[in-house]
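Working through the structure, step by step
Next come the chains, spelled out residue by residue.
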Amino acid sequence: MKDLSITVKNLVKNYKDVQAVQGIDFSVNQGEIFGFLGPNGAGKTTTIKMLCTLLRPTSGEAFVGGFNILKDPMKVRKVIGIIFQEPTLDDRLTAYENLKFHGFLYGLKKEFLEKQIDKMLELVELSDKKNLYVKTFSGGMKRRLELARGLLHTPKILFLDEPTLGLDPQTRLHIWSYLSSLKKNGNVSLFLTTHYLDEAENCDRIAIIDHGRIAALDTPNKLKSQVHGEMVILKTENNEIAQTFLKKEMGLNPILDGNKIRVELQEAEKWLPKLLREIPVEVESLTLHRATLEDVFIKLTGKEIREEEGSWKDRARVIMRSRLK
């Protein structure tokens, strides 16, 4: 485990009759950005909580920073930083006071702490807001301050649970700019969860997780290579008849996705004219594109990742983070 930041073996978490995490195995390399991609309820946050020693696994084992999460929880906590989904800053304190309090909890020496506070505030472009109360901050500013706080004690591994949920596109880009700079420095491994497909593209490797199981794990490009050829998305006057035709007459494997049909098509130039000529129902629309992570997710799980987004908790977080923008 010399060059591994995280090693997970057959990790399981049960809640009464519900198996939230079902025997997952994976590892995170030192200095890489590793992502968990999946909808709400897939087991992403539960896994992070177990790795951060906030939740005890039902069975299995995991090593974080070389330490066993069950046998050495305090050692694990010393080498990690965490950015939770929910805001955890103290609104009644200034940005500086929030960071200083965090530094005291980690036992950072005064001289080092003062330098680190200035360094982290500069990293997230909040130096000029140092002495302002956090209650006056926008949602994006608070998220940036949480990132600064998570890095203050120079952790070896930074966990980010849906780090940009509820943020506007511009702030999301800024957050990813900071994360990319950390990657370039190579001093910290990043483990993040997301259901944003564009964010997953920024990861070195991605684990697609659904219903507590890892369906696939690889680089974004290798995952997309699982979809052969190109994706055709059809909408017809009768999708059930069209789906039967594509399966029986053309030997394809169409997936009914809401009011559309998705089908992988190799040699699209050759097959599309035949499809349009022989399909027994009217085609209302047709699009053709190269494989995306969404196509991979649908192929592996049979549904769009958006289907399970938008829980009441998510909506509450969006409201909280957008407040005072």
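Per chain, residue numbering runs from 1 following the sequence as it is written. Predicted model: local features are reported for residues with pLDDT of at least 70 only, side-chain atom pairs are reported and counted for 80 or more only, and whole-chain, interface and lining totals are derived from all residues. Working from all heavy atoms in the structure, the side-chain values ignore hydrogens and water.

This paragraph deals with the sheet that holds strand S2 (residues 18-29). Two strands pair if DSSP finds at least two bridges between them. A helix here means a DSSP run of H or I that spans at least four residues, while a strand means a run of E at least two residues long, and both kinds are numbered starting from the N terminus. The strand order across the open sheet built from four strands is S2-S1-S4-S5, with neighbouring strands paired in antiparallel fashion. Lying at the two open borders of the sheet, with one neighbouring strand each, are S2 and strand S5 (67-68). Here helix H1 (residues 44-51) sits on the sheet in contact with strand S1 (4-15), S2 and strand S4 (59-64), set at roughly 115 degrees to S1. Here, two residues are considered to be in contact whenever any of their heavy atoms come within 4.5 Å of each other. Between N-to-C directions, angles cover 0 to 180 degrees, with each direction set by a line fitted to C-alpha atoms, over the stretch in contact for helices.

Attention shifts here to the nonpolar core. By convention a nonpolar core is built from buried Ala, Val, Leu, Ile, Met, Phe, Trp, Tyr and Cys residues, the set being connected through side-chain atoms within 4.5 Å. In this scheme, a residue with accessible area under 20% of its type's maximum is buried, one over 50% is exposed, and one in between is partly exposed, where area comes from a 1.4 Å probe on protein chains only. Counting 47 residues, the largest nonpolar core has Leu145, Leu147, Leu158, Leu160, Leu179, Leu190 and Ile206 as the members making the most contacts within it. Listed in part, the 25 residues of the second largest apolar core include Val8, Phe26, Phe34 and Phe159.

So, on to the sheet that holds strand S11 (residues 230-236). Spatially, the four strands line up as an open sheet ordered S12-S13-S11-S14, and their pairing is antiparallel. What marks the edges here is a single partner per strand, and that holds for strand S12 (255-257) and strand S14 (283-290). The mean inter-strand angle of the sheet, taken between neighbouring strand axes irrespective of direction, is 25 degrees. Summarising the sheet, S12 and strand S13 (residues 260-265) pair through three bridges and their orientation is antiparallel. Within S13, the residue paired with Asp257 across the bridge is Lys260. Contacts from helix H9 (residues 239-248) reach S11, S12 and S13 within the one sheet, and its direction differs from that of S13 by about 15 degrees.

Let us look at helix H6 (residues 169-185). One fewer than the residue count of a helix, multiplied by 1.5 Å, yields its expected span. Here H6 contains 17 residues, and its C-alpha end-to-end distance of 25 Å stays within 8% of the 24 Å for a straight helix at 1.5 Å per residue. Those residues of H6 that are buried are in contact with strand S3 (33-37), helix H4 (110-123), helix H5 (139-151), strand S7 (157-161), strand S8 (189-194) and helix H7 (197-200). Whenever a nitrogen or oxygen atom comes within 3.5 Å of another N or O atom, the pair is scored as a polar contact, on the condition that within protein one atom can donate a hydrogen and the other can accept it, and that pairs from neighbouring residues in sequence are kept only if both atoms are in side chains. Here H6 starts with a cap whose side-chain oxygen sits 3.1 Å from the backbone nitrogen of Gln170, and that cap is Asp168. Once H6 ends, the next one or two residues include Gly186, with phi positive near 70 degrees.

What follows deals with the pairing of S4. One ladder, built from five bridges, connects S1 with S4; its direction is antiparallel. Bridge pairing in S4 links Ile6 to Val64. In this structure, S4 lies alongside S5, joined through two bridges in antiparallel fashion. Within the sheet, the bridge partner assigned to Phe63 lies in S5 and is Asn68. The turn joining S4 and S5, which pair antiparallel and follow one another in sequence, is formed by two residues; a positive phi near 60 degrees is taken by Gly65.

Together, Phe101, Leu105 and Tyr106 line one region of the surface with nonpolar side chains, adding up to about 330 Å² of accessible area. By the element assignment, Leu105 lies in helix H3 (residues 95-105). The exposure class of Leu105 is exposed, given its relative accessible area of 60%. Patch definition: residues with relative accessible area over 30% and no salt bridge; like charges joined within 9 Å; nonpolar side chains (Val, Leu, Ile, Met, Phe, Trp, Tyr) joined within 5 Å. Residue-level accessible areas treat just the shown protein chains as cover; the underlying method is Shrake-Rupley with a 1.4 Å probe. Whenever Lys or Arg places a side-chain nitrogen within 4 Å of a carboxyl oxygen from Asp or Glu, that contact is recorded as a salt bridge.

This part is about the pattern of salt bridges. Charged atoms that come close allow side chains of opposite charge to pair. Enumeration according to the criterion identifies 16 salt bridges in this entry. Between Lys183 and Asp204 there is a salt bridge whose closest N-O contact spans 2.9 Å. Highlighted residues: Lys183 in helix H6 and Asp204 in the loop between H7 and strand S9 (205-210), separated in sequence by 21 residues. Residue classification places Lys183 among the partly exposed residues on the basis of a relative accessible area of 30%. The network of salt bridges with common partners includes Arg172, Asp198 and Glu199.

Another point: the state of the cysteines. Two cysteine sulfur atoms make up a disulfide if the distance between them is within 2.5 Å. Applying the stated criterion across every chain, the model contains zero disulfides. There is no disulfide at Cys52, and the cysteine sulfur nearest it, in Cys203, is 16 Å away.

What follows concerns the packing of aromatic side chains. Stacked, edge-to-face and tilted labels apply to pairs of Phe, Tyr and Trp rings (six-membered ring for Trp) whose centres lie within 6.5 Å, assigned for plane angles under 30 degrees, over 60, and everything in between, in that order. Within the structure shown, the criterion is met by seven aromatic pairs. Pairing Phe26 with Phe191 gives two aromatic rings, centres 5.8 Å apart and planes at 45 degrees, and the pair type is tilted. Of this pair, Phe26 sits in strand S2 while Phe191 sits in strand S8; the two residues are 165 residues apart in sequence, bridging distant segments of the chain. Of the two residues, Phe26 and Phe191, both sit in the buried class. Judged by centre distance (6.1 Å) and plane angle (50 degrees), the ring pair of Phe34 and Phe36 falls under tilted. For the residue pair Phe34 and Phe36, the accessibility class agrees, reading buried in each case.

Take the pairing of S3 next. Summarising burial for S3: five of the five residues are buried, a large majority. Of the two faces of S3, both are covered, the one formed by Ile33, Gly35 and Leu37 as well as the one formed by Phe34 and Phe36. Bridging between S3 and S8 involves five bridges; their strand directions are parallel. Residue pairing across strands places Phe34 opposite Phe191, the latter belonging to S8. Note: S3 against S9, four bridges, orientation parallel. Counted as the bridge partner of Phe36 is Ala207 from S9.

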